[in-house]
Amino acid sequence: MPRALGAILEAATAILLALLAVNATFELVAWMLWQRSFAALDEIQALLMVWFGMLSASYCLARGLHLAVDVVASRLAPRMRRIVATVPPLAVAVFGGLLSIYGWRLVGILDNTLPGTGWSAALQYQPVAVAGLLIAGIGLWQLHARTVETGSHSGPDVA
Amino acid sequence: MSDPALLALVLGCFLVLLLFRVPVAFALGLASFAFFFASGRPALSVVQKIATQMAEPTLLAIPFFILCGEIMSSGGMARRLVDVANVCVGFVRGGLAMVNVVASMFFGGISGSSVADTASIGPVLIPTMVRSGYDRGFSVAVTIASSTQGIILPPSHNAILYSLAAGGTVSIQALFLAGYVPGLLVGAALMTLSAVVASRRGYPRGEIVSSRQALRIAASGVPALVTPLIIVVPLALGWAPAHQSAIIAVVWSIIASSFIYRSLGAADYWRVLKRASRTSGIVIILIGTAAAFGEALTYLHVPEILAAALTAISSQRVVVLLLLNVMILALGAIMDMAALIVILTPILLPVVEPLGVDPVQFGIILLLNLGIGLCTPPVGSTLFVGCAVGEISIEEASRALMPFYVAMLVVLILVTFIPELSLWLPDLVASWRS
């Protein structure tokens, strides 16, 4: 994957996480001061969260950080392993493509607005469609490069 | 397509993709799409389910707890907690092994991650233990095993994952409180084992710290030690939901690291944000696609089918729970924790609930099982990190871990068959609040 895209995604997810923290702090302070929550802040939070979730998933894919099971694949003969190595990027590209197609379809269908911000409800599904495109692109690029960047050993500290 | 054929398609698709090393999150998503295409249901539901699940406010607690753990561990917290643990238990025979267990107990209460625990405590304590005459294998094994406490002791983001995977029906507050006794039991079991090994091998006693020095160390550890309280108390008392407790913890960790310890600058925060985003990114997409997959399994009545299969073997609660423990342990040895929580919870919870198992207790059983799985080969992220930090092979570490596996399995059996160990504290707080 071109390094520039990786760097952009990394920065974007870090900024989104910071924005989420700021929004949540704001919400907490508002709740402490006025004992009420604001629908607009909730809606912004939900929107930021979907963007954050989808973009960080794309970034982790590009960095090969997603959890995968390599108990079987790692025991195959080298020739077989090379053939099998084309499956993950292909599957990822197909998944990304499906997400994008159905994501845009959903965006096209929804015409109601959110009560707090007055924004279109379709906005919540836009990140899925955009990230689907990114995921498909990364998958195709990985397929082209014939690299398998997944791995459960690569140090994700999720446990 | 008939239901059995659909089930074969969905599970077959998922398993084949997994075996071909497709990331778990994407394998779940593709299997869900396969179900919706084959059953003639609208595939838009997959996208809708993923986005809706991600927008769930409770989910916000996960990146915030991860962020809090990252801030605290980047701010030199591990060294301070080791010092505090040393004051508490360092003076006994095999003191450094005890310090390792207690420091993990403290650190787990902040980070909620066994991998982060091993990666932070390991570099501080393993070389010190080896220099003091401890066997390298034992030093690595005690570091890896004791980090399991971080998964059960609150705030465990895996507990939040479990609650979300259960459709939000299991209270995070109750899960957090339920983790205390089993987490402390794991600690006690590991300390007992360490004491026995230390006495047999003649490991040295640690130095006794003067009371003035002990006070100074304890004072410097206070900002780190109060973090779990800052998280758990508002949640337990019902003052704030999980994501608000999490943001309080983030704000506190920034105050502690920037103004009390003065250990983090602006550039450090940028690095911390990037690291937390990476870890969160792995988990959040997993929760989204697992929700879509869970919907497919519910349509296909998978929990009912599994329940029927298990009760066909035996209708006794004890036998079914033992079978489930063996199954989860085996799966935990080959698959990662977060993925298994989101896949297994919607399937197994409806199986155990009719047997009278409380969902909160089952959550702790699941977490403990999978925590042990993280320390076992062939796929154990904590084991890998421990081996990398301690510079020993997986085989050597696994051999040294054998007695620790036994100790943790004993605790697992206790937690499985004595519900009060998990439920006593949540029940107590609930009755106190009412």
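Residues numbered from 1 in each chain as written. Chains lettered and ligands numbered in written order. Predicted model: local features only at pLDDT ≥ 70, side-chain atom pairs only at ≥ 80, totals over all residues. Heavy atoms only, no water.

Overview of the overall build of chain B
Across its full length, chain B carries 23 helices and zero strands. The C-alpha atoms of chain B give a radius of gyration of 22 Å, which matches the 22 Å a tight globule of 434 residues would have. Dimensions along the principal axes, computed over C-alpha positions, put chain B at roughly 75 × 50 × 45 Å. Restricting the contact set of chain B to residue pairs at least 6 apart, pairs at least 24 apart contribute 78%. Treating the 21 positive side-chain charges of chain B as one cloud and the 18 negative ones as another, the clouds have centres 12 Å apart. (Helix = DSSP H or I, 4+ residues; strand = E, 2+ residues; numbered from the N terminus. Rg over C-alpha atoms; globule rule 2.2 N^0.38 Å. Contact = heavy atoms within 4.5 Å. Lys, Arg positive; Asp, Glu negative; His and termini not counted. Charge placed at Lys NZ, Arg CZ, Asp CG, Glu CD.)

A closer look at the overall build of chain A
Each helix and strand in chain A was counted, giving five helices and zero strands. Counting every position in chain A, which comprises 159 residues, the buried fraction comes to 50%. Contacts in chain A between residues far apart in sequence, at least 24 positions, make up 76% of those at least 6 positions apart. In the form shown here, chain A has an accessible surface area of approximately 7200 Å², with 67% of it arising from carbon and sulfur atoms. (Buried < 20%, exposed > 50% of the residue type's maximum accessible area, 1.4 Å probe, protein only. Areas by Shrake-Rupley, 256 points an atom, 1.4 Å probe, with all protein chains shown as cover.)

Thoughts on the confidence of the model for chain A
All names here are of chain A. Confidence along chain A averages 86 in pLDDT terms, with 90% of residues attaining 70 or more. When mean pLDDT is taken per element in chain A, helix α4 (residues 87-109) scores highest with 95 and helix α3 (residues 78-84) scores lowest with 85. The low-confidence segment residues 148-159, where pLDDT is below 50, has 53 contacts with residues more than four positions distant or belonging to other chains. (pLDDT = per-residue confidence, 0-100.)

A look at a nonpolar patch on the surface
There is a patch of nonpolar side chains on the surface, built from Val72(A), Val16(B), Leu19(B) and Phe20(B) and spanning about 300 Å² of accessible area. Structurally, Val16(B) can be placed in helix α1 (residues 3-19). On the accessibility criterion, Val16(B) (44% relative accessible area) is partly exposed. (Patch = residues over 30% accessible without salt bridge, like charges linked within 9 Å, V, L, I, M, F, W, Y side chains within 5 Å. Salt bridge = Lys/Arg side-chain N within 4 Å of Asp/Glu carboxyl O.)

A word on the pattern of salt bridges
All names here are of chain B. With the rule as written, the count across this model stands at six salt bridges over all chains. Among the salt bridges present, the one from Glu70 reaches Arg275, with a minimum N-O distance of 2.9 Å. One end of the pair, Glu70, is in helix α4 (residues 61-74); the other, Arg275, is in helix α16 (residues 266-299), with 205 residues separating them in the sequence. On the accessibility criterion, Glu70 (7% relative accessible area) is buried. The partly exposed category is assigned to Arg275, whose relative accessible area is 34%.

As for the packing of aromatic side chains
Scanning the model with the defined rule gives 15 aromatic pairs over all chains in all. The interplanar angle of 40 degrees and the centroid separation of 5.1 Å between the aromatic rings of Phe14(B) and Phe293(B) together place this pair among those described as tilted. Of this pair, Phe14(B) sits in helix α1 while Phe293(B) sits in helix α16, placing them 279 residues apart in sequence. Each member of the pair Phe14(B) and Phe293(B) is classed as buried. Seen from their ring centres, Phe138(B) and Phe404(B) are 5.9 Å apart, and the 40 degrees between their planes marks the pair as tilted. A residue pair is termed long-range when its members are at least 10 positions apart, and Phe138(B) in helix α8 (residues 136-146) and Phe404(B) in helix α22 (residues 394-417) qualify at 266 residues. The class for Phe138(B) is buried, based on a relative accessible area of 3%. Grouping aromatic residues by their ring pairs yields a cluster made of Phe95(A), Tyr102(A), Phe26(B), Phe33(B) and Phe37(B). Here the basic side chain of Arg41(B) rests over the ring of Tyr299(B), its NZ or CZ set 4.1 Å away from the ring centre. (Phe/Tyr/Trp six-rings, centres within 6.5 Å; stacked < 30°, edge-to-face > 60°. Lys NZ or Arg CZ within 6 Å of the ring centre and 35° of its normal.)

Description of the nonpolar core
The biggest cluster of nonpolar side chains holds 200 residues, and the ones touching the most others in it are Met54(A) and Phe64(B). Per element, the largest residue contribution to this core is 15 residues, and it comes from α16(B). Not counting residues up to four positions away in its chain, the partners in contact with Met54(A) are Leu99(A), Pro127(A), Val128(A), Ala131(A), Ile135(A), Ile50(B), Met54(B) and Ile285(B). Formed by five residues, the second largest nonpolar core is a distinct cluster that contains Leu177(B), Val232(B), Ala236(B) and Leu425(B). (Core = buried A, V, L, I, M, F, W, Y, C linked by side-chain atoms within 4.5 Å.)

Quick look at the interface of chain A and chain B
The figure often quoted for interface size is the accessible area lost as the parts come together. Taken together, the contact between chain A and chain B spans 62 residues of the former and 69 residues of the latter. For the pair chain A and chain B, the two sides together bury roughly 5700 Å², of which 77% comes from carbon and sulfur. At the junction of chain A and chain B, the tally comes to two salt bridges. Between Glu10(A) and Arg278(B) there is a salt bridge, with the nearest N and O atoms lying 3.2 Å from each other. Inspection of the region where chain A meets chain B yields two residue pairs in polar contact (both at pLDDT 80 or more). Mapped onto the side of chain A that touches chain B, the elements with two or more residues apiece are α1 (3-34), α2 (39-63), α4 and α5 (126-145) of chain A. (Buried area = accessible area lost by both parts, 1.4 Å probe. Polar contact = N/O pair within 3.5 Å; in protein donor to acceptor, adjacent residues only side chain to side chain.)

As for the environment of Asp135(B)
Residues and elements named next belong to chain B. With respect to the helices and strands, the residue Asp135 is situated in the loop between α7 (114-131) and α8. Considering only alpha carbons, one finds Asp135 and Arg201, 66 residues apart in sequence, at a separation of 9.2 Å. Other than its neighbours up to four places away in sequence, Asp135 contacts Arg201 and Tyr203.

Remarks on helix α13 (residues 211-225) of chain B
Residue and element names in this part refer to chain B. Along α13, the sharpest kink reaches roughly 25 degrees, centred on Ala219 and followed within four residues by the proline Pro223. Of the residues making up α13, those classed as buried are Ala214, Ile217, Gly221, Pro223 and Ala224. Elements in contact with the buried residues of α13: α4, α5 (77-89), α6 (95-111), α14 (227-236) and α15 (242-260). (Bend = angle between axes of the 7 residues up to and from the residue.)

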